[in-house]
Amino acid sequence: MTELVQVTREGGVATVWLNRPERMNAMSLAMWDALAATMAEVNADPDLRCLLLRGRPRADGRVAFGAGADIAEFPALRADAAQAEAYAARMEPAARAIEDSPHPSIALIQGACVGGGLELALHCDIRIAGADARLGLPIQRIGHGLPLSGLRPLVQLCGRSVALELLLEGRLFGAEEALGKGLVNRVLPVERVVAEAEESAARIVAGAPLAHRFHREATRRALEPEPYSAEELRGPYRLCDSADYREGVRAFIAKETPRFEGK
């Protein structure tokens, strides 16, 4: 059987492909399992510096990041509350593995990015969309509640009012509106968006891995109301004991390209 999730690698960038193009990459339960297993392998690779999450195009060239959940399997696999909880328990490891990955992540959004597809994108660090992207959370059409693990990043990104607009109305909207709502970082013409995502990944790879990890954790902590501890306040400065810091300063002064090793 064709793999539901595939990985290709170029240098320090791993591209994780949602590979169900005939269904516009709608997420089945088996696909969630495959994504969790794939992410576990990718996260364990210390040589990677960035993840790029995207959807495989169909044979006719049409592409979707992810057209949502495969609702056709719900009557058998998600028919009641107990089944829904069990189903979500198998979704959670994949979403968590993206959010908690040691590697920075980019969602390359082309075409439909709806429901579960948008939930996945919300767990990435950066979202780059093509002008053809269509986004939305039409979960009200089936009377389901958005899992809290997906609700949290949604509210963090766009605020409660916009989150409620998406959830209560359930409409789909374009990339420029998504940009205005804070759901995506930037929008590119269709013919340019893949190159832009790859260039973004290259810029991340060129940076210092230890600094990237610090900033990813520190930005999450910045959303919490508790005051910083003395140890937390020292966090940025501890990086100055790293080999990466010494290499970065050396290369800057010498007007050379630094070679960071994550040490």
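The notes below deal with the structure included here. Think of each chain on its own: its residues are numbered from 1, step by step along the sequence as written. Local features in this predicted model are restricted to residues of pLDDT 70 or higher, and side-chain atom pairs are both shown and tallied only at a pLDDT of 80 or more, whereas totals for entire chains, interfaces and linings draw on every residue. With hydrogens and water stripped out, all remaining heavy atoms of the structure feed into the side-chain values.

We now examine the overall build of the protein chain. Secondary structure elements follow DSSP: runs of H or I no shorter than four residues count as helices, runs of E no shorter than two count as strands, and numbering proceeds from the N terminus. Looking only at helices and strands, the protein chain has ten helices and nine strands in total. Each radius of gyration is computed over the set of C-alpha atoms, and the globule rule expresses the reference value as 2.2 Å times the number of residues to the power 0.38. Taking 18 Å as the expected radius of gyration for a compact globule of 263 residues, we find that the protein chain reaches 19 Å, a close match to that expectation. Overall, the protein chain is about 60 × 45 × 35 Å in size when its C-alpha atoms are taken along their principal axes. Under the scheme applied here, a residue whose accessible area is under 20% of the maximum for its type counts as buried, over 50% as exposed, and between as partly exposed, the area being computed with a 1.4 Å probe on protein chains only. Looking at the protein chain as a whole, 47% of its 263 residues are labelled buried. Contact criterion: two residues are considered in contact whenever any of their non-hydrogen atoms come within 4.5 Å of each other. Looking at the protein chain alone, contacts between residues at least 24 apart form 66% of all its contacts between residues at least 6 apart. As displayed, the protein chain has an accessible area near 13,300 Å², and 58% of this comes from carbon and sulfur atoms. Of the side chains in the protein chain, 32 bear a positive and 36 a negative charge, and the two mean positions are spaced by 2 Å. Per-residue and other accessible areas follow the Shrake-Rupley method at a 1.4 Å probe size, with only the shown protein chains counted as cover for residues. A residue counts as positive if it is Lys or Arg and as negative if it is Asp or Glu; His and the chain ends are not included. A charge is said to be at NZ when it belongs to Lys, at CZ for Arg, at CG for Asp and at CD for Glu.

Glancing now at the pairing of strand S4 (residues 105-109). Among the five residues in S4, five count as buried, and that is most of the element. Here S4 shows a buried face lined by Ser 105, Ala 107 and Ile 109 and a second buried face lined by Ile 106 and Leu 108. Here, strands pair whenever DSSP counts at least two bridges between them. When S4 meets strand S6 (residues 126-130), the two strands line up parallel, connected through four bridges. Looking across to S6, one finds that Ala 107 is bridged to Arg 127.

A few words on the pairing of strand S1 (residues 5-10). Judged from the six bridges that link them, S1 and strand S2 (residues 13-18) form a sheet pairing that is antiparallel. If you follow Arg 9 over to S2, its bridge partner there is Ala 14. The turn joining S1 and S2, which pair antiparallel and follow one another in sequence, is formed by two residues; a positive phi near 60° is taken by Gly 11.

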